[in-house]
Amino acid sequence: MLGAIIGDIVGSRYEFNPTNDYNFEMFAEGCDFTDDTVCTIAVADALLKGRDYGESIHEWCRKYPDPKGGYGSRFRHWVMSDNPKPYGSFGNGSAMRVSPIGWWYDNPKDLIEQARKSAECTHNHKYGIDGAIAVVTAIADCRELGRNKDVKNLTPKHILEWGLSRAVYQYTRYTDEFHIDLEAHRNKFDETCQGTVPVALWIVMHSNGFEDALRRAVSLGADADTLGAIVGSIAEALWGIPERMKEKAMSYLPKEMLSIVNKFHSKLIGPSISSTNLSTK
């Protein structure tokens, strides 16, 4: 899930101030975590504690009622409600927060079921659920690809075939004909799952590393923080994350978020990420 957090922070400065400069400054003045990180942490916390996803997301968002960029109006209403109910959303929020599930579960049925549950507490529209499922299947399959292939020499065709085909099929049903015209999405702010997730998959498919993928995502000039979060979550599974980027991103997070990151990492892999013990807010 760290890739999603990094993508969110890197893209946050450009959410409402878009850039098409591939060589933009990654951790510039004005960068911070947004609702994407708050919700991702909430999903990870729910997994650690065996809690309902909706309850955890609701609790964490109330702790952080005014993150950089704020919340969408309908989601904010859900957060502020004492009896929140799903509201039929197909926004990309279900896809940007789901990455912890892609690392927590290996069984395909569990991945799909848990992704569905994490989405439908708010985003219970078919496209909202499809977005969450597509991202977790991409993460799971790219994890497997990264374990078994030389990722430095992967072609877009190989990434699609071995890492993204199930995710692409979730939306298109025609994997062999998958094509996205990025120019049609350049400088267009699209908050929908169906307008964001396929674009994220295409960007990962044509990237050659974690940083390259984030630069391609943010410099598209679209919904920079959320596209960055989704691309980052999948790119992490395929290529891993440069240590310097881990260290810098973790310095933006409050201690209680760092604690969740450390616990989640420790539960899955082993000792805590050393960079999360750096200076915090």
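Residues numbered from 1 in each chain as written. Predicted model: local features only at pLDDT ≥ 70, side-chain atom pairs only at ≥ 80, totals over all residues. Heavy atoms only, no water.

Looking at this model, I keep getting lost on the environment of Ser207. Mind explaining?
Its location among the elements puts Ser207 in the loop between helix H10 (193–205) and helix H11 (210–218). Given the relative accessible area of 6%, Ser207 is considered buried. For the pair Ser207 and Val261, spaced 54 residues apart in sequence, the C-alpha to C-alpha distance is 26 Å. With sequence-adjacent residues up to four places away left out, Ser207 is seen in contact with Ile159, Asp212, Ala213, Arg216 and Trp239. (Helix = DSSP H or I, 4+ residues; strand = E, 2+ residues; numbered from the N terminus. Buried < 20%, exposed > 50% of the residue type's maximum accessible area, 1.4 Å probe, protein only. Contact = heavy atoms within 4.5 Å.)

Would you take a moment to explain the nonpolar core for this structure?
One broad rule of soluble globular proteins: the nonpolar side chains tend to lie buried together. Residues Ile6 and Leu164 are the most contacted members of the largest nonpolar core, which totals 100 residues. Ranked by the residues each element gives to this core, the list is headed by helix H8 (residues 126–148), at 11 residues. If near-sequence neighbours (up to four positions away) are discounted, Ile6 is found in contact with Phe27, Phe210, Leu214, Ile241, Met245, Lys246 and Ala249. (Core = buried A, V, L, I, M, F, W, Y, C linked by side-chain atoms within 4.5 Å.)

Just to check I follow, could you spell out the packing of helix H2 (residues 35–49) against helix H14 (residues 255–268) for this structure?
In a pair of packed helices, the angle between the axes and the distance between the axes together describe the arrangement. In contact at an axis separation of 10 Å, H2 and H14 are set at 50° when each is read in the N-to-C sense. Put simply, H2 runs oblique to H14. As H2 packs across H14, the resulting crossing turns out to be left-handed. Two secondary-structure elements touch here, H2 through Thr37, Val38, Ile41, Ala44, Asp45, Leu47 and Leu48 and H14 through Met257, Ile260, Val261, Lys263, Phe264 and Lys267. Its residues assigned to classes, the contact of H2 with H14 shows nine nonpolar, one polar and three charged. (Axes fitted to C-alpha atoms, helices over the stretch in contact; angles between N-to-C directions. Parallel < 35°, antiparallel > 145°, perpendicular 65-115°, else oblique. Left-handed = near helix turned anticlockwise from the far one by under 90°. Nonpolar A, V, L, I, M, F, W, Y, C, P; charged D, E, K, R; others polar.)

Would you explain the pattern of salt bridges in this entry?
Side chains that differ in charge, positive against negative, can pair when their charged atoms come close. All told, the structure shown has 14 salt bridges when counted by the stated rule. Of the charged contacts in the structure, one is a salt bridge between Glu59 and Arg51, with a shortest N-O distance of 3.3 Å. A salt bridge links Lys63 to Glu256; the shortest N-O distance between them is 3.4 Å. Residue Lys63 is located in helix H3 (residues 53–63), and its partner Glu256 is located in helix H14; the two are separated by 193 residues in the primary sequence. Residue class for Glu256 comes out partly exposed when judged on its relative accessible area of 33%. (Salt bridge = Lys/Arg side-chain N within 4 Å of Asp/Glu carboxyl O.)

How should the layout of surface pockets be read in this particular structure?
Gaps between atoms show up when a probe of the same size as a water molecule is rolled over them. Within this model, the largest pocket holds a volume of roughly 540 Å³. Around the largest pocket sit 28 residues that line it, and Gly72, Phe75, Gly91, Asn92 and Glu191 are the ones nearest its centre. Those elements that provide at least two residues to the lining of the largest pocket are H2, helix H4 (73–80), helix H5 (93–96) and helix H12 (224–239). Taken together, the residues of the lining of the largest pocket sort by class into eight nonpolar, 12 polar and eight charged. (1 Å grid on protein atoms, 1.4 Å probe; cavity = no way out; pocket = protein on both sides within 12 Å on 5 of 7 lines; lining within 4 Å. Points joined across faces, edges and corners; volume = space filled by probe spheres on them.)

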